[in-house]
Amino acid sequence: MTKTITRADIADSLYNELGFSHTESLKLVDSIFAQMVETLSAGEELKLSGFASFIPHHKKSRVGRNLRTGEQHEITPRMVLSFKASHLLKKALLGKK
């Protein structure tokens, strides 16, 4: 089963639990995500203590092949992210305390 958590869901949680206004909550969520994107775009590792690390990796260009036609083409260089769960998140997923 898949559950999608939206920016609005996070903002509502801040509103309900901390008493921020809806506008303030949404601005806070947007600010946090903007900081995360800025850090990752710069090629830096992002570590959310107690949750996870996002590690950017640069992939070089390489030759790929269309499996249907066998035609070769170049796959452009790009940046990909690895997600590494923290020890605390792993314990929570396993149901340990």
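Right above here is the structure, for reference.
Computed from a predicted model, the values in this text were never measured in an experiment.

A. Inspection of the side chain of S53 at higher detail. Along the polypeptide, S53 turns up in strand β2 (residues 52–59). Discounting chain neighbours no more than four positions away, the residues touching S53 are E45, L46, K47, S82, F83 and K84.

B. Structural context of the packing of aromatic side chains. Applying the stated rule across the entire model yields two aromatic pairs. One aromatic cluster is present, formed by F51, F54 and F83 through successive ring pairs.

C. Here's a closer look at helix α2 (residues 22–41). Over its 20 residues, α2 extends 28 Å from the first C-alpha to the last, a length consistent with the 28 Å expected when each residue adds 1.5 Å. Residues of α2 that are buried: S25, V29, M36, T39 and L40. Here the buried residues of α2 occupy an arc of 100° about the axis, which is enough to place them on one side. Turned more than 90 degrees away from the buried face of α2 sit T23, K27, V37, E38 and S41, all of them exposed. In this structure, the buried residues of α2 make contact with α1 (7–18), β1 (46–48), β2 and β5 (78–85). With its phi angle positive at about 85°, G43 sits one or two positions after the end of α2.

D. Region of the structure containing a nonpolar patch on the surface. Together, I5, I10, L18, F20, L28, I32 and F33 make up an exposed nonpolar region whose accessible area comes to about 610 Å². Counting residues per element, the ones that place at least two in the nonpolar patch are α1 and α2. For the nonpolar patch, the element with the highest residue contribution is α2, accounting for three residues.

Reading the values: rules and limits
- Residues numbered from 1 in each chain as written.
- Predicted model: local features only at pLDDT ≥ 70, side-chain atom pairs only at ≥ 80, totals over all residues.
- Heavy atoms only, no water.
- Helix = DSSP H or I, 4+ residues; strand = E, 2+ residues; numbered from the N terminus.
- Contact = heavy atoms within 4.5 Å.
- Phe/Tyr/Trp six-rings, centres within 6.5 Å; stacked < 30°, edge-to-face > 60°.
- Expected span 1.5 Å × (residues − 1).
- Buried < 20%, exposed > 50% of the residue type's maximum accessible area, 1.4 Å probe, protein only.
- Arc of directions from axis to C-beta.
- Patch = residues over 30% accessible without salt bridge, like charges linked within 9 Å, V, L, I, M, F, W, Y side chains within 5 Å.
- Areas by Shrake-Rupley, 256 points an atom, 1.4 Å probe, with all protein chains shown as cover.
- Salt bridge = Lys/Arg side-chain N within 4 Å of Asp/Glu carboxyl O.

So yeah, pure geometry; function would need other evidence.
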